[in-house]
Amino acid sequence: MDCFLMYLIGINVVTFLLFTIDYLIMAGNSYNWDTSLMDGRILSLFAVVGGALGMLLAMIIWARYANKHNIA
């Protein structure tokens, strides 16, 4: 496999896991945005460096208030 493809797969898996952990912590705190695991800027950085697909997948699966019919 190409190194770049392995990097993209790895960063997407890590991003998905980080967003999943963040959403589960927020769910345990009644969706209080101030009690999440990480700052939103740090999580967004993972999406910028190549984990956008992992972030989008986590948002579609875990986001309670996301409009899943028109996510774009």
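Residues numbered from 1 in each chain as written. Predicted model: local features only at pLDDT ≥ 70, side-chain atom pairs only at ≥ 80, totals over all residues. Heavy atoms only, no water.

Draft legend 1. Fine view of the overall build of the chain. The helix and strand tally for the chain stands at two helices and zero strands. A burial count over the chain gives 21% of its 72 residues as buried. Taking as baseline every contact in the chain between residues at least 6 positions apart, the subset at least 24 positions apart corresponds to 62%. Carbon and sulfur atoms form 69% of the exposed surface of the chain, whose accessible area is close to 5200 Å². (Helix = DSSP H or I, 4+ residues; strand = E, 2+ residues; numbered from the N terminus. Buried < 20%, exposed > 50% of the residue type's maximum accessible area, 1.4 Å probe, protein only. Contact = heavy atoms within 4.5 Å. Areas by Shrake-Rupley, 256 points an atom, 1.4 Å probe, with all protein chains shown as cover.)

Draft legend 2. Region of interest: a nonpolar patch on the surface. Together, Met 1, Leu 5, Met 6, Ile 9, Val 13 and Leu 17 line one region of the surface with nonpolar side chains, adding up to about 600 Å² of accessible area. By relative accessible area, which is 71% here, Met 1 ends up exposed. (Patch = residues over 30% accessible without salt bridge, like charges linked within 9 Å, V, L, I, M, F, W, Y side chains within 5 Å. Salt bridge = Lys/Arg side-chain N within 4 Å of Asp/Glu carboxyl O.)

Draft legend 3. Up close: the side chain of Thr 15. Structurally, the position occupied by Thr 15 is in helix H1 (residues 3-28). Assessed through its relative accessible area of 0%, Thr 15 is described here as buried. If near-sequence neighbours (up to four positions away) are discounted, Thr 15 is found in contact with Phe 46, Gly 51, Gly 54 and Met 55.

Draft legend 4. The arrangement of the nonpolar core in detail. Among the nonpolar cores identified, the biggest contains seven residues, and these are Leu 18, Phe 19, Tyr 23, Met 26, Leu 43, Ala 58 and Ala 63. For this core, the secondary-structure elements that each account for two or more residues are H1 and helix H2 (40-62). Of all the elements, H1 adds the most residues to this core, at four residues. (Core = buried A, V, L, I, M, F, W, Y, C linked by side-chain atoms within 4.5 Å.)

Draft legend 5. Up close: the packing of aromatic side chains. By the definition in use, this model includes two aromatic pairs. Pairing Phe 19 with Tyr 23 gives two aromatic rings, centres 6.4 Å apart and planes at 45°, and the pair type is tilted. You can see Phe 19 and its partner Tyr 23 sitting in helix H1, four residues apart, about one turn around the helix. Both residues of the pair, Phe 19 and Tyr 23, count as buried. (Phe/Tyr/Trp six-rings, centres within 6.5 Å; stacked < 30°, edge-to-face > 60°.)

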